[in-house]
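Examining the three-dimensional arrangement
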Amino acid sequence: IEFGQGTDKVSAGLINILNAGIPATDALTVLRASLISATTGFTDTEIAADALTSVMNAYNMSASDASHISDVLQVTVNNGKISFAELSSEIGKLAPTAKSAGVSFEELAAMIATLTKVEDPSRAITALNFALKSAAAQNRPLLDMIKQLQGADLTGILKSGFTKGAATAVSI
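What you see is a predicted model; the values in this text were computed from it and never measured. (Residues numbered from 1 in each chain as written. Predicted model: local features only at pLDDT ≥ 70, side-chain atom pairs only at ≥ 80, totals over all residues. Heavy atoms only, no water.)

Right, let's get into the overall build of the protein. Of the regular secondary structure elements, the protein holds 10 helices and zero strands. The order of α-helices and β-strands along the protein, N terminus first, is α-α-α-α-α-α-α-α-α-α. Put simply, the protein has 172 residues, and 44% of those count as buried. Pairs at least 24 residues apart make up 64% of the contacts formed inside the protein by residues separated by at least 6 positions. Entry remark: accessible area of the protein is about 8700 Å², with carbon and sulfur atoms responsible for 57%. (Helix = DSSP H or I, 4+ residues; strand = E, 2+ residues; numbered from the N terminus. Buried < 20%, exposed > 50% of the residue type's maximum accessible area, 1.4 Å probe, protein only. Contact = heavy atoms within 4.5 Å. Areas by Shrake-Rupley, 256 points an atom, 1.4 Å probe, with all protein chains shown as cover.)

Turning to helix H2 (residues 24-40), a few remarks are in order. Helix length check: H2 (17 residues) gives 25 Å between terminal C-alpha atoms against 24 Å at 1.5 Å per residue, within 8%. Buried positions along H2 lie against helix H1 (7-19), helix H3 (45-58), helix H4 (66-79) and helix H5 (84-100). Of the residues flanking the end of H2, it is Phe42, one or two places downstream, whose phi is positive at about 55 degrees. (Expected span 1.5 Å × (residues − 1).)

Tyr59, Leu73, Val103, Leu108, Ile112 and Leu132 are the most contacted members of the largest nonpolar core, which totals 43 residues. When residues of this core are traced back to their parent elements, those giving at least two are H2, H3, H4, H5, helix H6 (105-118), helix H7 (121-137) and helix H8 (142-149). For this core, the element with the most residues is H3, which contributes seven residues. Those residues within four positions of Val103 in sequence are excluded, and the remaining contacts are Tyr59, Ala98, Leu108, Met111, Leu132 and Leu142. (Core = buried A, V, L, I, M, F, W, Y, C linked by side-chain atoms within 4.5 Å.)

Notably, Phe42 is not glycine yet its phi reads approximately 55 degrees, a positive angle. Mapped onto the elements, Phe42 comes out in the loop between H2 and H3. Taking relative accessible area as the criterion, Phe42 reaches 79% and is therefore assigned exposed. A positive phi angle, near 50 degrees, is found at Asn60, a position not held by glycine. For Asn60, the location among the structural elements is in the loop between H3 and H4. Judged by its relative accessible area of 67%, Asn60 falls in the exposed class.

The relation between two aromatic rings is expressed through the spacing of the ring centres and the mutual angle of the planes. Tallied over the full model, the rule gives one aromatic pair. Look at Tyr59 and Phe105: their rings are 6.1 Å apart centre to centre, the planes differ by 55 degrees, and that puts the pair in the tilted class. Highlighted residues: Tyr59 in the loop between H3 and H4 and Phe105 in helix H6, separated in sequence by 46 residues. (Phe/Tyr/Trp six-rings, centres within 6.5 Å; stacked < 30°, edge-to-face > 60°.)

Bringing the packing of H3 against H4 into the picture now. Relative orientation of the contacting elements H3 and H4 amounts to 115 degrees, with a least axis distance of 10 Å. Relative to H4, the element H3 is oriented roughly perpendicular. Between H3 and H4 the crossing geometry is right-handed. For the pair H3 and H4, the contacting residues are Ala51, Leu52, Val55 and Met56 in the first and Ala66, Ile69, Ser70 and Leu73 in the second. Tallied by class, residues from the contact of H3 with H4 come to seven nonpolar, one polar and no charged. (Axes fitted to C-alpha atoms, helices over the stretch in contact; angles between N-to-C directions. Parallel < 35°, antiparallel > 145°, perpendicular 65-115°, else oblique. Left-handed = near helix turned anticlockwise from the far one by under 90°. Nonpolar A, V, L, I, M, F, W, Y, C, P; charged D, E, K, R; others polar.)

It is worth spelling out the side chain of Ser34 at this point. Note on placement: Ser34 falls in helix H2. Judged by its relative accessible area of 0%, Ser34 is buried. Those residues in contact with Ser34, other than ones at most four positions away along the chain, are Ile17, Thr45, Ala48, Ala49 and Leu52.

Below, the discussion takes up the pattern of salt bridges. Following the criterion strictly, the structure yields three salt bridges and no others. For the salt bridge of Arg123 with Glu119, the shortest nitrogen-to-oxygen distance reads 3.0 Å. (Salt bridge = Lys/Arg side-chain N within 4 Å of Asp/Glu carboxyl O.)

Structure (structure tokens):
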């Protein structure tokens, strides 16, 4: 076995890929990227496949992007303080919101890596999700909102509407 995973783990990953709506003609390409992710991320193929397909579906990416997605997820794990399994369980929640907030997959991965360096992954993901939902609720790119807040004091932040949007986002 090339990747050190038994057929039960490999087949579970393949089922996950097919259940995510990846066409059967592309499934083996995504499976190979998932196997590499599982090996480098010290996890199993099913978990890796879940992360890859979540990103693919949220950002409308194709099987030809699977290797790139795998690489970016691994860099996120290497540069942050988050396991591949933790990242996999959260990326599916964050990616669709990030996409609607104008955040690219690579920017999202960088945010996750940066935030998990200084905060517990669960809290970091919750805070990031809150910010992404706020931006999406205001139909403004998150990075534009952050730039607007640079150097602002509490009064400036309150006047910006960021907290109002955040309150709307929480109710989404």
